[in-house]
Amino acid sequence: MNKLNIAQLRKSLKMNQECFRKEIGGISQSYLSELETGKKELTEELYNTIIEKFGRNIVIPFIETTCDNIAKDTPHIKTIHKNSIPLFELEAASCGMPSGFEVAIEANKCDRYIIPDLAGCDFTIRTFGRSMINRQYPERSIPERSIIGCRIWKSRTHIRWGEVYALATPDGIVVKKIMPSEKEGHIKCVSFNEEEGFIPYELPVTEIQDWAIVIGVVNIVNWI
């Protein structure tokens, strides 16, 4: 139960302890004093009596609510942290480097959000730039400032070629479709938006510090 500051409530009502205790059912003087000093906790029954006697609008301003109380009294709040997904800003290249995305998540270096319908998502990234705009298949497009959902990819022997990955590199997080490379020890990073001059390039596998496959995109469109 949230803590009710009985002393402040009583004073706001301009009542002494004798008058107040009689108004709320004749509790003892010593019990009221212990409630006001915090030595005793208010029972739910007495709390309801005070609400009924003075009215909710009068009592509510004197309820001291803490984060712990909110989590305890509101069951769904308990699961928010468990269900929330970390958000990496793509410009913040240090988030996830050099030890990988998992270390950054465990260290709580990133803000967390609740995003529905991204099952199996380990973290999200807000993208930057136009290189992944897909005009041929708009439903697979990643416009600038989109939020992409990523799943950490642990296998280094089984790569899903042709899929989009977020790659942690010394130069930052790279979001590209990856393809096999003819150059040994490399992968080919392909942008969707080749029309604007974003050409494929080779990336040494040794420079990739962590891998995550993109499983979904949330587009943010500001109207105002």
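Please refer to the structure placed before this passage.
Keep in mind that this is a model prediction, so the values were computed, not measured.

**Notes on a nonpolar patch on the surface**
And step 1. Where nonpolar side chains cluster on the molecular surface, the patch consists of Val221, Trp223 and Ile224 and spans about 540 Å² of accessible area.
And step 2. Within the element layout of this structure, Trp223 appears in the segment after β11 (210–218).

**Describing the environment of Ala7**
And step 1. Mapped onto the fold, Ala7 is located in helix α1 (residues 6–12).
And step 2. Residues Ala7 and Leu32, spaced 25 residues apart in sequence, show a C-alpha to C-alpha distance of 9.1 Å.

**Concerning the pattern of salt bridges**
And step 1. Applying the stated criterion to the full structure yields eleven salt bridges.
And step 2. Arg156 is the salt-bridge partner of Asp210, the closest N and O atoms lying 3.6 Å from each other. Remark: Arg156 occurs in the loop between β6 (147–152) and β7 (164–169) and Asp210 occurs in strand β11; sequence separation between them is 54 residues.
And step 3. Each of the salt bridges in this network shares a partner with another, and the network as a whole consists of Arg130, Arg135, Glu195 and Glu196.

**Details of the nonpolar core**
And step 1. Grouped together as the largest cluster of nonpolar side chains are 18 residues, with contacts concentrated most on Leu4, Ile6, Phe20, Leu42 and Ile50.
And step 2. Only α1, α3 (29–37) and α4 (44–54) provide two or more residues apiece to this core.
And step 3. Broken down by element, the residue count for this core peaks at five residues, all from α4.
And step 4. In this structure, Ile50 is in contact with Leu4, Ile6, Leu9, Ile24, Leu42, Gly55 and Val59, ignoring residues within four places of it in sequence.

**What about the side chain of Ser181?**
And step 1. Within the secondary structure, Ser181 sits in the loop between β8 (172–180) and β9 (186–190).
And step 2. A polar atom in the side chain of Ser181 sits 3.0 Å from the backbone nitrogen of Lys183.
And step 3. In this structure the side chain of Ser181 is engaged in a polar contact, spanning 2.3 Å, whose partner is the side chain of Glu202.
And step 4. Sequence-distant contacts of Ser181, defined by excluding residues within four places in its chain, comprise His186, Ile187, Lys188 and Glu202.

**Concerning α4**
And step 1. The complete set of buried residues in α4 reads Leu46, Tyr47, Ile50, Ile51 and Phe54. Buried residues along α4 cover an arc of 145° about the axis, so they all sit on one side. In α4, those exposed residues whose orientation departs by more than 90 degrees from the buried face are Glu44, Glu45 and Glu52.
And step 2. Looking one or two places after α4, you find Gly55, whose phi comes out positive at around 95°.

Parameters at a glance
Residues numbered from 1 in each chain as written. Predicted model: local features only at pLDDT ≥ 70, side-chain atom pairs only at ≥ 80, totals over all residues. Heavy atoms only, no water. Patch = residues over 30% accessible without salt bridge, like charges linked within 9 Å, V, L, I, M, F, W, Y side chains within 5 Å. Areas by Shrake-Rupley, 256 points an atom, 1.4 Å probe, with all protein chains shown as cover. Salt bridge = Lys/Arg side-chain N within 4 Å of Asp/Glu carboxyl O. Helix = DSSP H or I, 4+ residues; strand = E, 2+ residues; numbered from the N terminus. Core = buried A, V, L, I, M, F, W, Y, C linked by side-chain atoms within 4.5 Å. Buried < 20%, exposed > 50% of the residue type's maximum accessible area, 1.4 Å probe, protein only. Contact = heavy atoms within 4.5 Å. Polar contact = N/O pair within 3.5 Å; in protein donor to acceptor, adjacent residues only side chain to side chain. Arc of directions from axis to C-beta.

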